[in-house]
Structure formats: structure tokens, C-alpha cells
Amino acid sequence: MSYKKLGDYIQQVNNRNRDLQVETLLGVSNTKKMIPSIANTVGTDMSTYKIIEKRQFAYGTITSRNGDRLSVAISDQYKKALVSQIYIVFEVIDDNELLPEYLMMWFSRPEFDRYARFKSHGSTREAFDWEDMCEVELPIPSIEKQREIVAQYQAVENKIKVNEQICEKLEATAQTLYKQWFVDFEFPNENGQPYKSSGGTMVFNEELEKEIPEGWEVNFISEYVKLSQGLAINASTQHYIQQTGIPLLRITDLINNTKEIFISDKVDRNVIASESDIIVTRTGQVGLVFRKKVGVVYNNCFKAIPKESLNPEVLYWFLKTSEMFHIMNYLASGSSAQLDLTHKQFYTIKYLLADKFVQQDFEKNVNPIGIKINILDNQNEKLTQLQSLLLSRLARLEG
């Protein structure tokens with residue numbers, strides 16, 4: 001099939017929020033998603049912002065320092081929303097010739113990002129301008145074929161979303177169980193009754209300034225957890241990068257289940273994570289917690305390794321609490337412009353260590369939830385690979 005120039009099928013849209021009727025402000029991520037903006041708009045003249053309607057696109061032209069990706073996305077959640085003036089908003093002229101959803105699939109291909117990055121130009125910041133976008137060439141099959149391709153892709157995408165929603169509910173269940181046992185102290189006693197409300201012995205702890213179950217202890221978390229730093233990629237470690245090997249686990253790889261950079265198995269074993277290891281992000285996006293991720297941990301993360309007295313399941317769900325997320329971000333916010341959680345800062349956290357039998361019982365209760373989450377995560381990883389396969393086939397379309 002011959003390739004067609006995209007410029008024949010798209011046009012810019014420049015509708016401004018003159019009457020201030022639209023309030024929802026979105027941004028465009030380099031993961032090709034429209035996301036709620038976190039920009040402080042107090043005192044900002046919102047009448048100059050651009051309106052983006054459903055099935056229209058927005059993209060930021062700058063590709064340098066953007067993860068080698070072009071930030072482009074289709075608006076698929078809101079009838080109307082706002083984006084910053086820095087974005088170019090455009091639409092498909094006739095969706096009986098080119099489906100916007102099919103075009104978004106083309107933009108999602110890693111080959112497109114490499115093309116956009118190669119074609120970018122500029123001295124201070126490299127950009128992929130509107131003229132460059134119009135020069136993009138792609139195969140445009142019949143509209144029936146496009147609909148078939150989009151339907152296949154969206155079926156996979158919807159299954160991934162359903163699995164993610166189920167995982168969120170399962171995680172919420174595990175968090176509720178953790179709070180019930182280790183915050184409210186209503187773990188089952190020897191008779192299967194809630195400990196605290198059934199008259200379990202409580203003692204006042206001066207460090208926490210509250211009552212805790214008898215036999216539990218409080219200390220700095222460094223007494224129970226050891227942190228292991230990830231691999232820094234620099235001049236002295238660059239030689240570890242190769243075409244195949246162990247995937248490098250950066251924050252973006254942990255979030256999106258991507259495997260883009262591979263590391264030699266000759267690397268120090270301390271930076272390699274197994275399925276049982278707990279990974280915590282420490283710079284930029286601080287306090288995200290992962291496990292069941294096999295690979296080389298990058299320097300923007302560390303492994304949290306529980307010592308013998310602390311059950312790994314208890315540690316994992318403790319680190320996953322919203323309270324710990326806020327604590328880690330608070331500790332990381334004091335030193336520099338970019339959030340950076342150091343080992344020393346993490347080790348200042350006070351930790352309440354439960355009785356070992358309570359920890360063991362918690363593991364038995366929470367394990368089935370973790371197994372279900374892991375099954376769905378593995379399923380989504382395979383579905384994501386299927387999505388990549390569908391995207392790769394676009395370049396070889398016929399009909």
C-alpha cells in the first residue's frame with residue numbers, strides 16, 4: 001500500500017476560551033495521554049487557552065528533553081476541555097477517510113517517535129513543527145479496514161482497563177486490611193475476635209504518643225529495612241547497556257510495563273530486582289511502590305529489603321499506604337528543586353513493628369489478594385505486548 005501525506009487529511013484548530021465557558025484544563029503526557037493539568041492557574045487569563053473537543057488532537061512540538069517522544073494525544077474523555085497555548089490543536093478533516101482513532105494508533109508507534117525525533121530541528125530546543133507533522137507519511141487503508149483495526153486495538157485496550165480497575169479494587173481491599181490490623185489494631189486475637197475492641201492489652205508508647213498492642217516495638221525503620229541503590233548510567237557504567245539482556249527498570253518502565261533498555265548480566269547483583277523485591281521510586285515521582293518486576297533497578301529507585309524481623313508482605317503494604325507516600329514526598333522536598341529521597345531521609349521514619357505471629361497471619365490473609373493482582377498484571381503485560389504487535393502491523397497494511 002502506498003503511503004499518504006498526513007497534511008492532506010488534517011487541519012489546525014485555534015478556538016480560544018473567550019467566553020470562559022470551559023473550565024477543565026488538560027495537559028499532554030509523553031505517554032500519549034490527555035491528563036489533568038497540575039499547573040497553578042490562579043490569576044491566569046484562561047480566555048487565551050485553546051479549546052479541544054472530543055476526537056481532536058493536541059501536541060507539544062518540543063522533542064528534546066522529552067524522553068525521545070512526541071507528546072501527542074487524542075481527546076477522548078471530555079466533550080470540551082482546555083489546553084495551554086503552547087500546544088498545537090488539530091483535527092481530522094473527514095473521518096470517513098481517516099479515523100482519528102486510527103491516526104492515534106500511528107502516533108503510538110515507537111517508530112513514529114523515532115521519526116519525529118529525527119526530523120526535529122532547532123538550536124536551543126529541538127522541535128517537530130506543524131509543517132513537519134504535515135509531512136508525515138502513513139498507510140491509509142479503506143475506512144472499513146481502519147474500523148476493523150481500531151476495534152481490535154480498542155478491545156485489547158478495554159480489557160487492560162478492566163483489569164486495572166479490578167487491581168485497584170483488590171489493592172484497596174488489601175489497604176483496608178492493613179489499616180484494620182496495623183493502624184486500628186483490630187487484627188484477630190486467639191479467639192478470632194478483633195484485638196483492641198475485644199479488650200486486648202494496650203500500652204502507651206511515648207514516641208508515637210498513643211497506645212499500641214503489648215509486645216509491639218517502635219524504632220527507626222533502618223532497624224528493619226535495608227535500602228539498596230539502583231544503577232547509575234554514566235561514563236563508567238555505559239558499557240553495561242546492550243541490545244539484549246536484563247531490562248532496565250526506570251520509573252517510566254515500572255509504570256508502563258515497558259522494556260526499552262537492556263543491561264548486561266555482568267552488572268552488580270545488588271542492583272538486580274527479582275519478583276519478590278520491593279522497588280520504591282526516589283527521585284521526581286517519589287514514593288511509588290512496585291514488586292513482581294524483574295530487571296536492573298535504575299538510579300531513580302531503590303530496593304527496600306526487609307530484615308529478618310519484618311515480614312515482606314507487611315513491609316510492602318506499609319509502603320503502599322497513602323500516609324507513607326506523603327511522608328516520603330515530604331522528606332524528599334527539603335533539599336533541592338527536584339524531589340530526591342535519600343537513604344538518610346528514609347531511615348528517619350519511625351516504624352511500629354508488630355508481633356511476628358500477627359505478621360505471619362497477615363501474610364496468610366493478604367497473599368490471595370496479591371496472587372490475583374499478579375495474575376492480572378501478567379495478563380496486562382501480555383495484552384500490552386499484543387497492542388505493540390498490532391501497532392507494528394500498521395506499516396504493512398494492505399486493503
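Residues numbered from 1 in each chain as written. Predicted model: local features only at pLDDT ≥ 70, side-chain atom pairs only at ≥ 80, totals over all residues. Heavy atoms only, no water.

S.K.: Looking at this model, I keep getting lost on the overall build of the protein chain. Mind explaining?
M.R.: Each helix and strand in the protein chain was counted, giving nine helices and 23 strands. Its C-alpha atoms put the protein chain at 75 × 55 × 45 Å along the principal axes. Split into buried and exposed, the 399 residues of the protein chain put 45% on the buried side. For the protein chain, the proportion of contacts with a sequence separation of at least 24, taken over those separated by at least 6, is 72%. Counting only carbon and sulfur atoms, one obtains 49% of the accessible surface of the protein chain, whose full area is about 21,300 Å². (Helix = DSSP H or I, 4+ residues; strand = E, 2+ residues; numbered from the N terminus. Buried < 20%, exposed > 50% of the residue type's maximum accessible area, 1.4 Å probe, protein only. Contact = heavy atoms within 4.5 Å. Areas by Shrake-Rupley, 256 points an atom, 1.4 Å probe, with all protein chains shown as cover.)

S.K.: Which parts of the structure should I look at to understand the sheet that holds strand 14 (residues 225–229)?
M.R.: Paired through their backbone hydrogen bonds, the strands of a sheet run either parallel or antiparallel. Strand order in the open sheet formed by four strands is 14-22-19-20, and the pairing between neighbours is antiparallel. Only two strands of the sheet have a single partner each, and these edge strands are strand 14 and strand 20 (289–290). Most of the contacts of helix 6 (residues 312–319) go to strand 19 (residues 278–281), to which it runs at about 20°, and overall it touches strand 14, strand 19, strand 20 and strand 22 (301–306). (Pairing = 2+ DSSP bridges. Axes fitted to C-alpha atoms, helices over the stretch in contact; angles between N-to-C directions.)

S.K.: How do you make sense of helix 7 (residues 322–332) when you look at a structure like this?
M.R.: Side chains three or four residues apart in an α-helix point the same way, a direct result of the helix having 3.6 residues per turn. Residues of helix 7 that are buried: Met 324, Met 328, Asn 329 and Ala 332. One side of helix 7 holds all its buried residues, which, seen down the axis, span an arc of 135°. Those residues of helix 7 that are exposed and angled more than 90 degrees off the buried face are Glu 323, His 326 and Tyr 330. Of the surrounding elements, those touching the buried residues of helix 7 are strand 19, helix 6 and helix 8 (343–346). (Arc of directions from axis to C-beta.)

S.K.: I keep staring at the nonpolar core and nothing clicks. Help me out?
M.R.: Soluble globular proteins tend to bury their nonpolar side chains together. If you look at the biggest cluster of nonpolar residues, it comprises 47 residues, and the most contacted ones within it are Phe 182, Trp 216, Val 225, Leu 319, Phe 346 and Phe 362. Mapped onto this core, the elements with two or more residues apiece are helix 4 (143–182), strand 14, strand 19, strand 22, helix 6, helix 7, strand 23 (350–353) and helix 9 (356–392). In terms of residue count, helix 4 provides more of this core than any other element does, seven residues in total. Setting aside residues up to four positions removed in sequence, Phe 182 forms contacts with Trp 216, Val 314, Leu 352, Ala 354, Val 358 and Phe 362. Counting 39 residues, the second-largest nonpolar core is a separate cluster that includes Ile 74, Met 105, Ile 149 and Val 156. (Core = buried A, V, L, I, M, F, W, Y, C linked by side-chain atoms within 4.5 Å.)

S.K.: Just to check I follow, could you spell out the environment of Gln 379 for this structure?
M.R.: Counting through the fold element by element, Gln 379 comes out in helix 9. The exposure class of Gln 379 is partly exposed, given its relative accessible area of 30%. As for Gln 379 and Lys 159, which are separated by 220 residues in sequence, their C-alpha atoms are 9.6 Å apart. Beyond its immediate stretch of four places on either side in the chain, Gln 379 contacts Lys 159 and Asn 163.

S.K.: Where do I start with the pattern of salt bridges in this structure?
M.R.: Oppositely charged side chains are able to pair whenever their charged atoms sit close together. Evaluated as defined, the whole model comprises 19 salt bridges. Here Lys 33 and Glu 157 are joined by a salt bridge, their closest N and O atoms 3.9 Å apart. Remark: Glu 157 occurs in helix 4 and Lys 33 occurs in the loop between strand 3 (26–28) and strand 4 (34–36); sequence separation between them is 124 residues. Residue Glu 207 is joined to Lys 350 by a salt bridge in which the shortest nitrogen-to-oxygen separation is 2.7 Å. Highlighted residues: Glu 207 in the loop between strand 11 (202–205) and strand 12 (210–213) and Lys 350 in strand 23, separated in sequence by 143 residues. A residue is classified by how much of its surface remains accessible, and Lys 350, at 33% relative accessible area, is partly exposed. (Salt bridge = Lys/Arg side-chain N within 4 Å of Asp/Glu carboxyl O.)

S.K.: How should the state of the cysteines be read in this particular structure?
M.R.: Structurally, a disulfide amounts to a covalent bond that connects the sulfur atoms of two cysteines. Under the criterion given, the structure shown has zero disulfides. Looking at Cys 167, it has no disulfide partner, and the nearest cysteine sulfur is the one in Cys 301, 20 Å off. Classification of Cys 301 as buried rests on a relative accessible area of 0%. (Disulfide = S-S within 2.5 Å.)

S.K.: Got a minute to help me understand the sheet that holds strand 17 (residues 262–263) in this structure?
M.R.: The five strands are arranged 15-17-16-21-18 in an open sheet whose pairing can be described as mixed. Strand pairing shows two members of the sheet lacking a second neighbour, strand 15 (241–242) and strand 18 (272–273), which therefore form its edges. Sheet topology note: the strand 16 (residues 246–249)/strand 21 (residues 295–297) ladder contains two bridges and is parallel. Within strand 21, the residue paired with Leu 249 across the bridge is Val 297.

S.K.: When you look at the packing of helix 6 against helix 9 in this model, what are you seeing that I'm missing?
M.R.: The description of two helices packed together rests on the angle between their axes and the distance between the axes. Between helix 6 and helix 9, the least distance of the axes is 9 Å, while the angle of their chain directions is 65°. Viewed along their axes, helix 6 and helix 9 adopt a mutual orientation that is roughly perpendicular. Once helix 6 is placed against helix 9, the crossing between them reads as left-handed. Along its contact with helix 6, which presents Glu 313, Val 314 and Trp 317, the element helix 9 presents Gln 359, Phe 362, Glu 363, Val 366, Asn 367 and Ile 373. (Parallel < 35°, antiparallel > 145°, perpendicular 65-115°, else oblique. Left-handed = near helix turned anticlockwise from the far one by under 90°.)

S.K.: Would you explain the pairing of strand 19 in this entry?
M.R.: Looking down a regular strand, the side chains alternate between one sheet face and the other. Neither face of strand 19 is exposed, since Ile 278 and Val 280 on one face and Ile 279 and Thr 281 on the opposite face are all buried. Direction of pairing for strand 19 relative to strand 22: antiparallel, over a ladder of four bridges. Each bridged residue has a counterpart across the sheet, and for Ile 278 the counterpart in strand 22 is Ala 304. One ladder, built from two bridges, connects strand 19 with strand 20; its direction is antiparallel. Looking at strand 20, one finds that Val 280 is bridged to Val 289.

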